[in-house]
Structures are given as structure tokens and as C-alpha cells.
Amino acid sequence: MSPTAALSIVTRGLNLWYGSFQALIDVSIGIRERQITSLIGPSGCGKTTLLRCFNRINERFSYVRTTGEIEVLGQSILAPEVSLIELRKAVGMVFQRPNPLPISVYENVVFGLRVHSRRSELRRSELDQAVETALTEVGLWKDLKDRLGARATTLQLEQQQKLCIARLLPLKPEVILMDEPCSALDVEATRAIEELMFTLRERYTIVIVTHNMAQARRASDECIFMLLGEVVEHSPTADLFLNPRKEKTADYIEGRYG
Amino acid sequence: MDAIAPPVTRFARTPGVARRERLQAVAKWVFFTMALAMIVPLVAIVVYLLVQAAPSLNWEFLVEVPKKGMREGGIWPAFVGTLYLVAISLAIAAPIGVLAAIYLNEYSRESWFNRVINLAVINLAGVPSIVHALFGLGAFVYAARFGYSIISASLTLAIMTLPVIIASTREALASVPMSFREACWNVGATRWQTIRAVVLPNSISGILTGVILQVSRAAGETAPIMFTGAVFFKAVQRGDWFPYRLGDQCMALSMHLYTVSTQVPNVRESIPYATAVVLLGSVLLVNATAIAVRVWLRGRKKW
Ligand SMILES: Nc1ncnc2c1ncn2[C@@H]1O[C@H](COP(=O)(O)OP(=O)(O)OP(=O)(O)O)[C@@H](O)[C@H]1O
Ligand SMILES: [Mg+2]
């Protein structure tokens, strides 16, 4: 891991309240470009909340209030001139339960393109090409190339989750956020998704929330350990697991709570 | 001498368990009887109606106009009148109700405005139809100067069905999983794109069902139209599909049923029953269509 790698996401003094409950407290972190950073910590510590700040999807609740700064790719995303639509194009999200739309595999992959272009601008050949590229990138092309018309909700869970990742790719995102992407999957499928993350790392910055300590250890370059809304420790994965700097981190990775 | 121990059965029924099983059997029968008690009157009513109506039930009865002071003949003007009232009132209430529900469910955030509207919808849905009738009389017949007319009656029916359409549409929209919307927002779709691409296609069957079920309500109500635009009698050509204009008063099945049952002496006995059968039959036909549409649309959505 090169220490000179640029930062994709930077937060400074980020606080977030759900009503009167403060879910994030003074979070200041820098997430490196083209690395896999995992967010770990016990249930309810604010991992999902932090992740959802990065594409501002939290804001659909009117009672959410945010202060501080979040920069994505050098741009402060809380600035009024930032368009959520453009932001979400660049920062895609994968959810805990695979959530393909109840339309065909093909339409799922091109959904983002259709959303961002007029109908007349899209040529069939471009769409076909985008589908092939995206599905190849997530390793689904071979399995699904003859079933592009199949309803996406009928696929196996692993394929659904890969499809949800593929759906982001035609928009050429820079950052992919994953919220416990493997918790609904079995061991084999989990391994497949982790391998996929490794190949995607060459092109995208990946932030993954996980409950699974072993997964954080296997699959991430850096780890951020959170507790009760605060960032306790942010180090390269090997350091965090072998020589944690904080006592609380040591307690957590040894399974003393969470 | 050793007594041979009686064979001990494991898992044997203890008295307590036996008592609970008896109770369970009784409970099941009580519930079954209640379910039966609900069906029996329904079947009885329909059969009774059909038997009583039989002498008058034929095609002529539907397309013929009433004769001899409604003591003979058919019900065509009332049938067409009801069609007009229901169609026009739904043409007004359905778009407004569905669009309002989409706004409330998809756009508005938790706020006092939203809460007030919610409260209004719930309360309006519970207002008795006679009150709607009075409102329609004041608002449309007098204040808006539409007079006693099809348009006044249809507007009154629309006001009456609107809250229910809003409520049922919201329910249909809310049944679309949140994860679909999140999937859309996360590739940068606007709310409207999300609604059009995902929310509506997956809730349309529920929305249509809710709207169509209001047909039976609109067709069955008497008070709101009696106060605002329905009349006892209107001279109309036999089988004429366009006997009324919007500003005219019209006849209607529910009103006609009331008239021939209570206001006209010496009506042929089967006529009120046959009128009821036509009303019931039309409503059931529409409801059956609603079910068919829903099944058809359901077959296309799976998640
Ligand atoms: N929409 C919401 N409204 C109010 N409070 C919320 C909301 N979402 C989360 N919270 C609260 O904020 C805190 C952090 O929640 P968050 O979902 O970010 O935790 P998490 O670390 O992702 O937990 P988990 O590991 O269980 O997914 C929790 O205490 C939770 O109760
Ligand atoms: Mg979470």
C-alpha cells in the first residue's frame, strides 16, 4: 500500500443527528483511493450512517441534521451547488439484501444509463456493449449471457448481488459503497464477492461495512473501527488486527463485545 | 414378588393437554360457524332476489323504458343514468386521488402539512353519505350554480369517493418495497423517474383495484344523488346511449329502486327485485373485472 495514494473521501468534524440522537460524533477520516477500506464496530455504532453520508442518501429523512465537512474526490458534497443526481452517479451503493429491480437482467444493468440519458441518445449497440462490459467485469457474463431477458429477481442471491454491483458500473463511478454486502450470502458466495472486490479495487475506491471480523481482515487494506458514533482507530488492516493502538480496538477484535 | 411395571408411554396425553385440545376443537367450530353465518345470508339474499325477480328478468327489462307510471316496462334510463354518474365521478376522482396519493406517499416528507392531509383523508372517508349529499347540494347545486344536474351529482359522488381512493392508492404505493426505490435513487434517478420506472408499474394493480371498488360505492349510493341531480322519472328513448347532457337531471338505478319500492303503488311485484338484480349484477361485473385485472397484473410482477 503506497502511503502516497490520494484520498477519495475525506470527512472533517462530521456530526450527524437523527432528531436529538447523535449518531456520528466528530468523525474525521480519510479514505484512500483504489483501496478497500472496511468499517467495523459493534451493532448500532453508526457504520451504516457514516456510509450513507457519502452519497447523502440519509437526507431523505427530514429529521436528519449534518454538520462538518465531507469531501468526495476533492469536492465538498454538502455544498448547495452539488447535485445529488451527479453525486450518486459517482458514488454507488450496494445494499445488505441484494435489491435488483423486478425487471430483466439487461434492463437492470442499463437502468442507470436510461436514467441519465434521453431515450433518443441511446443506441441499442451501445447498451448491448455496456451490458456485456459490466457483466464481464463482475464475472456474470458467462453465466447470464443467454438469460439477459430473465427477471433479475429470479437469480440466485450471489448473482443478484453481483448484478447490483454491475448496475453501478455503466455510470463509471469512482467510489463503491457496500453495506454488509455478504450478510445474506453463503460462504461460497461471500468468497466470490470478496474476489470480485479485489478485482474491482484496481478501478474503484471501495468502502465496505462488515460485521464479519474475518472478512475485514481478509478483504480490506485499511480498517476503521467505530464505537458509539466515534472513530476509535483507523489503520492498515494488518496493524489494526496485530497491534491495535487503542485498548478498545483490542477488546473488540478479541470479541470482548459486539 | 416384583410388580411388573406398567409400560410407561412417553408423550402421553395428560388431562391438561386433553382439555386444551377439546377447547381448541370448540374454538375451531365457533369460528367456522361464524364464517358460515356470514356466507349464508349473502347467498340467501342473492337467491331470494333472483327468484323474486325472475318474471321480469330479461333483455327487454334492461333496454326498455318504464311504462304506465313505472308499473310496467324496463329500466333503461336509470341504467344509463347510473353509468353516467359513476363514469363521470370516477373520471374526476380517480386522477385527483391517485396523483394526490403519489404526492403524499412519494414526495412529501414528514411534516405538519402531511399530517393535516392525512387526518383530513381519514376523517372524510368516514363521513356519512347523507352529509356529502348536503355538502354537494350547497356547494355544487347552489354555490357553483350547476343546478340539479348530472355534473352536480357526479361531483358529489367524486368528493365522496376521493378520500377512499387516496387511502387505497397510498396503501398500494406503500406496498412497493423501499429497496426498489433505494436502488433507483442510488444510480441517480430523480423521484419522478423512480415513480415512473419502478413504483407505478409495481403498484398499478393495487391502485386500479382500489379505484374500481369505488364503482360499487358510487353506483349504490342514493342520498348524494337524490339531493343533487337524480330524478324519479325522465322520458328517454328505448336503448338510447346518450339520453342526457351534463346539465340535465337523470334517473339512476339506486334511486329508481327506492322509487318503485316505496313511492309508486301497485307496481308489478317483480320489478323492484329485477332492478336490484341489475344493480347488483352490474356492480359484481365491475368487481369481477377488477379481480381479473389484478390477477393479470399480478402475474406479471414477481419479487
Ligand atoms: N433512520 C433512523 N432514525 C433514527 N435513528 C436511527 C436511524 N438509523 C439509525 N439510527 C440510529 O443510529 C445509530 C447508528 O445506526 P447505524 O444503522 O448506522 O448502525 P450500524 O453500525 O450500521 O449498525 P448495524 O451493525 O446493526 O447495521 C443506531 O443507534 C440507530 O438506532
Ligand atoms: Mg448497518
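Every value quoted in this text rests on a predicted model; they were computed, and no experiment measured them.

Brief notes about the overall build of chain B
Moving on, step 1. Looking only at helices and strands, chain B has eleven helices and two strands in total.
Moving on, step 2. Traced from its N-terminal end to its C-terminal end, chain B shows the element sequence α-α-β-β-α-α-α-α-α-α-α-α-α.
Moving on, step 3. For 303 residues, the compact-globule estimate of 2.2 N^0.38 gives 19 Å, and the C-alpha radius of gyration of chain B, at 27 Å, exceeds that figure by more than 25%.
Moving on, step 4. Judged by the C-alpha coordinates and their principal axes, chain B covers about 105 × 60 × 35 Å.
Moving on, step 5. Classification of the 303 residues of chain B by burial places 42% in the buried group.
Moving on, step 6. Pairs at least 24 apart in sequence give 77% of the contacts found in chain B among residues at least 6 apart.
Moving on, step 7. About 16900 Å² of surface is accessible on chain B, with carbon and sulfur atoms providing 69% of the total.
Moving on, step 8. Side chains of chain B give 26 positive and 13 negative charges; the mean places of these two sets differ by 6 Å.

Describing unusual backbone geometry
All names here are of chain A.
Moving on, step 1. The residue Leu73 is not glycine, and still its phi comes out positive at about 55°.
Moving on, step 2. As for its placement among the helices and strands, Leu73 is situated in the loop between β4 (64-72) and β5 (75-76).
Moving on, step 3. With a relative accessible area of 38%, Leu73 lands in the partly exposed category.
Moving on, step 4. Residue Glu180 is not a glycine yet carries a positive backbone phi of 45°.
Moving on, step 5. Mapping Glu180 onto the fold places it in the loop between β7 (175-179) and α7 (187-200).

Some points on the pattern of salt bridges
Residue and element names in this part refer to chain B.
Moving on, step 1. What the rule picks out here adds up to 21 salt bridges over all chains.
Moving on, step 2. Put simply, Glu64 and Arg238 hold a salt bridge, and the shortest N to O gap is 3.1 Å. Pair noted here: Glu64 is in the loop between α2 (59-63) and β1 (66-67) and Arg238 is in the loop between α9 (223-228) and α10 (253-263), with a separation of 174 residues, a long-range link.
Moving on, step 3. Glu64 gets classed as buried once you look at its relative accessible area, which sits at 11%.
Moving on, step 4. One salt-bridge network, held together by shared partners, links Glu60, Glu64, Lys67 and Arg238.

Here we look at the site of ligand 1
Residues and elements named next belong to chain A.
Moving on, step 1. Neighbouring ligand 1 are 14 residues; Ser43, Gly44, Lys47, Thr48 and Thr49 lie closest to it.
Moving on, step 2. A distance of 2.6 Å separates an oxygen atom of ligand 1 from a polar atom in the side chain of Ser43.
Moving on, step 3. Glu180 places a side-chain nitrogen or oxygen 3.5 Å from an oxygen atom of ligand 1.
Moving on, step 4. Here ligand 1 has 630 Å² of accessible area as a free molecule, and 67% of this is covered by the chains.

Some thoughts on helix α7 (residues 178-185) of chain B
Moving on, step 1. Buried residues dominate α7(B), accounting for six of its eight residues.
Moving on, step 2. Buried residues of α7(B): B:Phe180, B:Arg181, B:Glu182, B:Ala183, B:Cys184 and B:Trp185, and no others.

Let's talk about the environment of A:Leu51
Residues and elements named next belong to chain A.
Moving on, step 1. Tracing the sequence through the fold places Leu51 in helix α1 (residues 47-53).
Moving on, step 2. Between the C-alpha atom of Leu51 and that of Met178, which follows or precedes it by 127 residues, the distance is 8.1 Å.
Moving on, step 3. With residues up to four places along the chain from it excluded, the contact list for Leu51 reads Leu39, Met93, Leu177, Met178, Asp179, Val207 and Val209.

Looking at the sheet that holds β5(A)
Residue and element names in this part refer to chain A.
Moving on, step 1. Spatially, four strands are ordered β2-β1-β4-β5 in an open sheet, and the strand pairing comes out antiparallel. Only two strands of the sheet have a single partner each, and these edge strands are β2 (21-32) and β5.
Moving on, step 2. Across eight bridges, the pairing between strand β1 (residues 7-18) and β2 is antiparallel. Opposite Trp17, over in β2, you have Gln22 as the bridge partner.

What about the packing of aromatic side chains?
Moving on, step 1. Evaluation of the coordinates by the stated rule reveals eleven aromatic pairs over all chains.
Moving on, step 2. An angle of 35° between the planes, with centres 5.5 Å apart, marks the rings of A:Phe61 and A:Tyr63 as tilted.
Moving on, step 3. Look at A:Tyr63 and you get partly exposed, because its relative accessible area is 46%.
Moving on, step 4. Summarising the aromatic geometry, the rings of B:Tyr84 and B:Tyr244 are spaced 5.8 Å apart at their centres and angled 85° between planes, so their arrangement reads as edge-to-face. Taken together, the residues B:Tyr84 in helix α3 (residues 76-107) and B:Tyr244 in the loop between α9 and α10 connect sequence positions 160 residues apart. One exposure class covers both B:Tyr84 and B:Tyr244, and it is buried.

Quick word on the packing of helix α6 (residues 157-168) of chain A against α7(A)
All names here are of chain A.
Moving on, step 1. Running from N to C, α6 and α7 point in directions that differ by 20°, and their axes come no closer than 10 Å. Taken as axis vectors, α6 and α7 run roughly parallel relative to one another. Pair α6 / α7 crosses with right-handed handedness. Only Ala189, Ala192, Ile193, Leu196 and Leu200 of α7 make contact with α6, whose side of the interface consists of Glu158, Gln161, Lys162 and Ile165.
Moving on, step 2. A per-class count over the contact of α6 with α7 returns six nonpolar, one polar and two charged.

Description of the pairing of strand β6 (residues 91-94) of chain A
Residues and elements named next belong to chain A.
Moving on, step 1. Here β6 shows two buried faces, one formed by Val91 and Met93 and the other by Gly92 and Val94.
Moving on, step 2. Two elements, β6 and β7, share four bridges in a ladder whose sense is parallel. Within the sheet, the bridge partner assigned to Val91 lies in β7 and is Val175.

A few points about a nonpolar patch on the surface
Moving on, step 1. A contiguous nonpolar patch, built from B:Met38, B:Ile39, B:Leu42, B:Val43, B:Val47 and B:Val51 and spanning about 570 Å² of accessible area, is present on the exposed surface.
Moving on, step 2. Locating B:Ile39 in the fold gives a position in helix α1 (residues 15-53).

Notes on the nonpolar core
Moving on, step 1. Core analysis: the largest hydrophobic core is formed by 102 residues, its most contacted members being A:Leu135, A:Leu163, A:Met178, A:Met197, B:Leu85 and B:Tyr244.
Moving on, step 2. Tallying contributions element by element places α3(B) first for this core, with 13 residues.
Moving on, step 3. In this view, B:Tyr244 contacts B:Pro77, B:Ala78, B:Val80, B:Gly81, B:Tyr84, B:Ile150, B:Lys234, B:Val236, B:Gln249, B:Cys250 and B:Met251; residues no more than four positions away in its chain are not counted.
Moving on, step 4. Counting residues in hydrophobic clusters, the runner-up holds 31 residues, among them A:Cys45, A:Ala90, A:Phe95 and A:Leu177.

Overview of the sheet that holds β7(A)
Residue and element names in this part refer to chain A.
Moving on, step 1. If you walk across this open sheet you meet the six strands as β6-β7-β8-β3-β9-β10, and the pairing is mixed. Edge positions in the sheet fall to β6 and β10 (230-236), since each has one partner strand and no second. Strand-to-strand, the axes of this sheet are offset by a mean angle of 20°, without reference to chain direction.
Moving on, step 2. Packed on one face of the sheet, α6 meets β6 and β7 and runs near 170° to β6.

Criteria and cut-off values
Residues numbered from 1 in each chain as written. Chains lettered and ligands numbered in written order. Predicted model: local features only at pLDDT ≥ 70, side-chain atom pairs only at ≥ 80, totals over all residues. Heavy atoms only, no water. Helix = DSSP H or I, 4+ residues; strand = E, 2+ residues; numbered from the N terminus. Rg over C-alpha atoms; globule rule 2.2 N^0.38 Å. Buried < 20%, exposed > 50% of the residue type's maximum accessible area, 1.4 Å probe, protein only. Contact = heavy atoms within 4.5 Å. Areas by Shrake-Rupley, 256 points an atom, 1.4 Å probe, with all protein chains shown as cover. Lys, Arg positive; Asp, Glu negative; His and termini not counted. Charge placed at Lys NZ, Arg CZ, Asp CG, Glu CD. Salt bridge = Lys/Arg side-chain N within 4 Å of Asp/Glu carboxyl O. Near = heavy atom within 4 Å. Polar contact = N/O pair within 3.5 Å; in protein donor to acceptor, adjacent residues only side chain to side chain. Pairing = 2+ DSSP bridges. Phe/Tyr/Trp six-rings, centres within 6.5 Å; stacked < 30°, edge-to-face > 60°. Axes fitted to C-alpha atoms, helices over the stretch in contact; angles between N-to-C directions. Parallel < 35°, antiparallel > 145°, perpendicular 65-115°, else oblique. Left-handed = near helix turned anticlockwise from the far one by under 90°. Nonpolar A, V, L, I, M, F, W, Y, C, P; charged D, E, K, R; others polar. Patch = residues over 30% accessible without salt bridge, like charges linked within 9 Å, V, L, I, M, F, W, Y side chains within 5 Å. Core = buried A, V, L, I, M, F, W, Y, C linked by side-chain atoms within 4.5 Å.

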